[in-house]
Amino acid sequence: MKAPVPALELFHQMVRMRRFEEALSELWHQGRISGELHLGIGEEGIVAGVLDHLIEGDALALDHRPTPALVGRGTDLSLLALEMVGAETGLCRGHGGHMHLFDPERLAASSGIVGAAGPMACGFALSHQRLRPGRIAVAFSGESAINQGMMLESLNLAAVWELPVLFVVKDNGWAITTRSAEMTGGTLRKRAEGFGIAYTKVRGADVGAVWRAVGPMIDDLRRGRGPAMLHATCHRPSGHFEHDPLIRMVTSPREFAAESGPLTRSLADGSGGRIRDRIGGMRRVISTAAGMRVHLSKRRGDPVTRLEQTLDATAVARVRAAVEKEILSTLAEVGSP
Amino acid sequence: MKAPVPALELFHQMVRMRRFEEALSELWHQGRISGELHLGIGEEGIVAGVLDHLIEGDALALDHRPTPALVGRGTDLSLLALEMVGAETGLCRGHGGHMHLFDPERLAASSGIVGAAGPMACGFALSHQRLRPGRIAVAFSGESAINQGMMLESLNLAAVWELPVLFVVKDNGWAITTRSAEMTGGTLRKRAEGFGIAYTKVRGADVGAVWRAVGPMIDDLRRGRGPAMLHATCHRPSGHFEHDPLIRMVTSPREFAAESGPLTRSLADGSGGRIRDRIGGMRRVISTAAGMRVHLSKRRGDPVTRLEQTLDATAVARVRAAVEKEILSTLAEVGSP
Amino acid sequence: MTEFGAAIDLALGHAMVDDPKIVVFGEDTPLLRRELLVRFGPERVRPTPISESAFLGAAVGAALGGLRPVVEVQLVDFLMVGLSALVNEAAKIEAFSGGRWNVPIVVRATCGGGYGDAGQHEQALWGMLAGVPGLAVVVPSTPADAAGLMRASIENDGPVVFLEHKLLSRQWRDAMAGGRRESVTFDVPPDGADGPVLDPPPPVPLGSAIERRLGGDVTLISLGVGVHRCLSASEELGERGVECTVIDVRSVAPLDRAAIETAARRTGRVVAVDEDYTRGGLSGEIAAVVAEAGISARFARVTTEDTIPYARHLEDATLPNVDRIVSAVESLLD
Amino acid sequence: MTEFGAAIDLALGHAMVDDPKIVVFGEDTPLLRRELLVRFGPERVRPTPISESAFLGAAVGAALGGLRPVVEVQLVDFLMVGLSALVNEAAKIEAFSGGRWNVPIVVRATCGGGYGDAGQHEQALWGMLAGVPGLAVVVPSTPADAAGLMRASIENDGPVVFLEHKLLSRQWRDAMAGGRRESVTFDVPPDGADGPVLDPPPPVPLGSAIERRLGGDVTLISLGVGVHRCLSASEELGERGVECTVIDVRSVAPLDRAAIETAARRTGRVVAVDEDYTRGGLSGEIAAVVAEAGISARFARVTTEDTIPYARHLEDATLPNVDRIVSAVESLLD
Ligand SMILES: Cc1ncc(C[n+]2csc(CCOP(=O)(O)OP(=O)(O)O)c2C)c(N)n1
Ligand SMILES: Cc1ncc(C[n+]2csc(CCOP(=O)(O)OP(=O)(O)O)c2C)c(N)n1
Ligand SMILES: [Mg+2]
Ligand SMILES: [Mg+2]
């Protein structure tokens, strides 16, 4: 039984996620959203491809980029937007904000503690075993969260309790300004094997591929065959969070130039390390900055445009118009400052 | 260059460890040592086989069974024994006790927090990189500590920082009264691979095998080839700690009989779970108890007697006499209550 | 007469009969709680790996999913390994969700010293935990309270840390202290270790202190084993004509401010007897409660000032004891 | 004039020149501390995985091995993930080793709120940390103190948690709060964000409070950003003829009891202004210090009572602010 990929629906959800987050970004720049706003722009292919397989009663444990998943799961956009601007009428009455979104009706909880989605998903799955057999829990996290002890412990806990947890690792290759591969021993595939859990890798830019890969995994989960890891690559073009100063530093020529003074002084400072060390330090700063700049300038790998190209233009226009309408009415609810 | 196993020296060290811990056990039963005394009786093959390769400047991060390693590394037995009885003249002036032994001269530190030896060893190894090139750090832990987040994180940290850490996992198969395999997903070999670190498995009852296996591993460590894991099985015939009541319960027929009343009442209690659940519960208690009883009654796998049989009887007698003398003079220092 | 630990399991058993959503898990739980395991089956009583961060966090998730987990961490000291699950998740979700989602978990752990295991395994740490808004912390001093507070903790809709003192619980005394050795003695308070417990045990509401003794000269405020030390000191002081009120706060958070204020006002002298660290939070909080109420009372503390040493005689001097309480009272008398 | 965060790095740079045993590591450290990286090289300034338990524990081991690690955990909230390394190892080893081994580590972390990131990322938590014997905790309020306390923390032979408030440090304000947006404003105390710093900065001894203002009617005791709120409140009160003393404790542990006692005795009225939770420890400790000294002073607190909410207006009402300080002072006046 091979169902066809529901491309238009996946496209619709991805556009909703994308456009909603673009609106949030604007609200953030307007100063109406406070704090560190981490967006999932670029991750929609992974999120939409997974969510489409969920049924009522499935649970979501989300990380510091919870918005796309909530949008896709059906949380009211106005409630979400109102929460972001701190309104009493928001999803969490203005108490949670963008990193601490909770939707009890959809069993969706988030946390800004890297790795916390792992134990949370294990707990949801345990409650499923007793209260909602056949339901699953999905943990969304970044790839660098895989080095956090509580996440590693959860892989093991899920394995030995045979919990129906799908660990979805959204791999953009970076943790803020650190290249994840440089801080991660082994590979994710071997990590999963190390805990005895199933593993599948997929390109997150291809929502259809995600959808196809995750279907059988979730079927197995529902049948009680124990936890699994979906490792999905992705590209997040805007970096860590809105207007990250470190990212601005490496991407803006002006800002990077402003750095060159202090860095050159540090390099020249004979009171510091041996010249070999100092050059090594400079090399590391430059290679990190250059690596990030190249990474962020990449324009391939966008799941939305990629799918769009394969779809009928009128259908696309219809979807986009519907989403625009939804976003506008959401923004109307939020009003102006 | 294949050096021969220094059998007599290994035997000597193992007997010192064994006899010293037997003396501690007696002091504990006399009430002169307080708290949870965890002994390493049965682990001597692993400890002696590893320690023989160490040189000055190498560091030890020890777990809740630190005594054999300190004995083997040369910490004064009287200082150790005096510490155990809480004397001002003890190794730590009576402040640390058996789970918190610190010997700064030998860079040996212990902790009763399961898994803490991992990060501790990473730290020692980092200090070696800067201050003592060519020196290594050894982390000793049980096999169940491998599910503790900080230990898992350390495997990764050691890998990515390329630290000279030897993770020695002493695998007796049990964590107190829990069968470790039932709570551990995957295998240790795959775990190590999952973090990109070298792995070797060996029978800890065969000190010569340990000695041979660990030699090349340590050579590699000293050459900066990154961390490695030595997985060594062992059999600890006396269970978790001196006189563990759970262990007494399963091993003493009288105590187990005393349990049968309450357990039978619980089984019969219709206010509880469905009868299927209750029988399942009873089955688990009995199988755990039986499994432990069988495990503890095993008399094979003792590294000391095993090596003894291969040695010349006069040499053995000489070693034993020397050790007896050392132990007696140590006990004399400790005096009577 | 019911033993302290048995009283807790009695309450737990009743609760598990009443509410099938209660599950129990932790390291070694199958043998530690074997009677519950046999009574309720392996789905409701299960072992965990040595992974405190994961299983505490899983308790939070399970509670969000509709269960009521009672999760056992053997020593409160080990909570430090997975504290984020309590401080950053359990304690915060009700507030962050705008009051729409609760986290009904009970974290059961042992605490306290007095048997020579040293300061990495004998801490109290209740002040640190109680300082976090959203976390309740209870520390019973008698079997009846142990049962009643366990009942109330399970019924509470937010997270509760339930601490049982190792000197009071036979099971833990035997395990951690080798308490069945005839060659060792501990200063175990008899009324704390065994006492009458109703079956089923009525809940003891969180945040309700109880007056264990009434006297007009000085108020001693304590909890857990400390209560018994206070009662002994009060006996001794009573013989010398100094009459003490002894307040057992029973729960560190919520804290029964009214009970503290009333007694402080009546006696004008307050001694906080707290096995937790001096700056651990509770003893200071007692001073603050009194001062905030505008009560001008003389104040002293008997607390644990330093890392608890291993040697029994050093430990005895470090933990609050009857002599130190008597001296503290005397210091307020002249 | 030196910026707050730059002052810390200035002190760190001097210390690293003087002592080659100092190493710096943490998440993202290579870019965050890029000037130090370029000056001292990748062996002394290195990145970590997101593994707080391991790298905090490794700092302890490295210190035992002879290094002096300065380890950076971006937010104090994240310390909860790896707290055992501090509470059960770093804080205890000097005591457990009978004084034979020290753990000279500095844990550098940001703390505090006021920019709308909500209570999982804006906590103070200094009281909880300072409650553990063996841990020192410092919270500077000016660039000069930031530099001086960093210097002293590095020179200290035991573990120190060094907390920099996000509102004071430009780097963190920019990062966490998006502070360079023209569309947002924060109540950043100008004297806290920028100020004169000597080069090299002289150390500020741990445990030494400083009087920021002298007045005879009321003593305000605070630290970090709270000090500036107290100074603003004092201005306002001064105009009405109420004269305040403002004590900046600077270090939560060790705590300068003498400074608190002297001021409390002089004014007879004490207001503790503490961004940490009400029952977090410090504000209660201040009450206890006053009461233990036998000083009969009126007492009030301005603290964070609940989980810090996300919405800026809710947050403003939750964190200590000038209005609340003024009201607290007034409540003690009549
Ligand atoms: C326990 C903890 N440590 C550190 C942080 C700070 N932090 C937030 S996101 C992040 C990087 C996460 O990287 P990754 O897991 O790859 O997720 P991504 O941001 O790329 O989606 C870090 C270090 C945190 N929130 N929690
Ligand atoms: C963080 C932590 N959790 C729990 C414990 C209690 N505990 C002490 S030893 C032990 C079992 C350890 O098993 P293993 O790692 O196999 O070592 P073994 O005792 O068999 O040598 C446990 C659970 C602890 N000391 N620390
Ligand atoms: Mg990433
Ligand atoms: Mg074991």
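Residues numbered from 1 in each chain as written. Chains lettered and ligands numbered in written order. Predicted model: local features only at pLDDT ≥ 70, side-chain atom pairs only at ≥ 80, totals over all residues. Heavy atoms only, no water.

What follows is about the interface of chain A and chain D. If you look at the interface, chain A gives 56 residues, while chain D gives 43 residues. For the pair chain A and chain D, the two sides together bury roughly 4100 Å², of which 59% comes from carbon and sulfur. Looking at the side of chain A facing chain D, the largest losses of area belong to Ser-34, Met-183 and Arg-284 of chain A, adding up to 12% of the total buried there. With its nearest N and O atoms 3.3 Å apart, the salt bridge here joins Glu-255 of chain A to Arg-180 of chain D. Here chain A is connected to chain D by 29 residue pairs in polar contact (both at pLDDT 80 or more). For the side of chain A that touches chain D, the secondary-structure elements that each account for two or more residues are helix 1 (7-29), helix 4 (77-84), helix 9 (245-251), helix 10 (253-268) and helix 11 (275-297) of chain A. Counting residues per element, the side of chain A that touches chain D draws most heavily on helix 11 of chain A, at eight residues. Grouping the amino acids of the side of chain A that touches chain D by side-chain chemistry returns 20 nonpolar, 26 polar and ten charged. (Contact = heavy atoms within 4.5 Å. Buried area = accessible area lost by both parts, 1.4 Å probe. Salt bridge = Lys/Arg side-chain N within 4 Å of Asp/Glu carboxyl O. Polar contact = N/O pair within 3.5 Å; in protein donor to acceptor, adjacent residues only side chain to side chain. Helix = DSSP H or I, 4+ residues; strand = E, 2+ residues; numbered from the N terminus. Nonpolar A, V, L, I, M, F, W, Y, C, P; charged D, E, K, R; others polar.)

Gaps left between atoms show up when a probe the size of a water molecule is rolled over them. Evaluated as defined, the whole model comprises 14 cavities of 30 Å³ or more. Put simply, the largest cavity is a space of about 90 Å³. What lines the largest cavity is a set of 17 residues, among which Met-150 of chain A, Ser-53, Val-81 and Gly-82 of chain C together with Val-81 of chain D lie closest to the centre. For the lining of the largest cavity, the secondary-structure elements that each account for two or more residues are helix 6 (149-160) of chain A, helix 6 (149-160) of chain B together with helix 5 (83-96) of chain C. Considering only residue class, the lining of the largest cavity consists of seven nonpolar, eight polar and two charged. (1 Å grid on protein atoms, 1.4 Å probe; cavity = no way out; pocket = protein on both sides within 12 Å on 5 of 7 lines; lining within 4 Å. Points joined across faces, edges and corners; volume = space filled by probe spheres on them.)

With that settled, the discussion passes to the sheet that holds strand 3 (residues 108-110) of chain B. Residue and element names in this part refer to chain B. Across the sheet, which stays open at both edges, the seven strands sit in the order 2-3-1-4-5-9-8 with mixed pairing between neighbours. Across the chains shown, the open sheet's two edge strands, defined by having one partner strand only, are strand 2 (102-103) and strand 8 (198-203). Inspection of the sheet shows strand 2 paired to strand 3 by two bridges, in the antiparallel sense. Note that in strand 3 the partner of Asp-103 across the bridge is Ala-108. (Pairing = 2+ DSSP bridges.)

Further remarks concern the site of ligand 2. His-64, Arg-65, Gly-112 and Trp-174 of chain B together with Glu-52 of chain C are the nearest of the 22 residues found near ligand 2. In this structure, ligand 2 sits where chains B and C come together, each supplying nearby residues. One of the side-chain N or O atoms of Glu-143 of chain B is found 3.0 Å from an oxygen atom in ligand 2. Between Asn-172 of chain B and ligand 2, the recorded distance is 3.2 Å, taken from a side-chain N or O atom to an oxygen atom. (Near = heavy atom within 4 Å.)

Another point: unusual backbone geometry. All names here are of chain C. Along the chain, Asp-199 connects to Pro-200 via a cis peptide bond; the corresponding omega equals 0°. By the element assignment, Pro-200 lies in the loop between strand 8 (194-195) and strand 9 (210-213). Unlike most non-glycine residues, Ala-118 shows phi in positive territory, near 75°. Relative to the helices and strands, Ala-118 resides in the loop between strand 5 (106-111) and helix 6 (126-130). Positive phi is not limited to glycine here, since Arg-250 has a value of about 65°. Position of Arg-250 among the secondary structure elements: in the loop between strand 11 (244-248) and strand 12 (251-253).

Moving on, we get to the domain arrangement of chain A. Residue and element names in this part refer to chain A. Domains assigned within chain A are domain 1 (7-235 + 301-334) and domain 2 (245-296). Between domain 1 and domain 2, the C-alpha centre-to-centre distance is 34 Å. The interface is formed by seven residues belonging to domain 1 together with eight residues belonging to domain 2. Taken together, both faces of the contact between domain 1 and domain 2 bury some 640 Å²; the carbon and sulfur share is 62%. When residues of domain 1 are sorted by the area they lose upon contact with domain 2, Trp-174, Thr-177 and His-235 head the list and together hold 68% of the total. Between the two partners, domain 1 and domain 2, sit zero salt bridges. The tally of links between domain 1 and domain 2 comes to two residue pairs in polar contact (both at pLDDT 80 or more). Considering only residue class, the side of domain 1 that touches domain 2 consists of two nonpolar, three polar and two charged. (Domains from an automatic or database assignment.)

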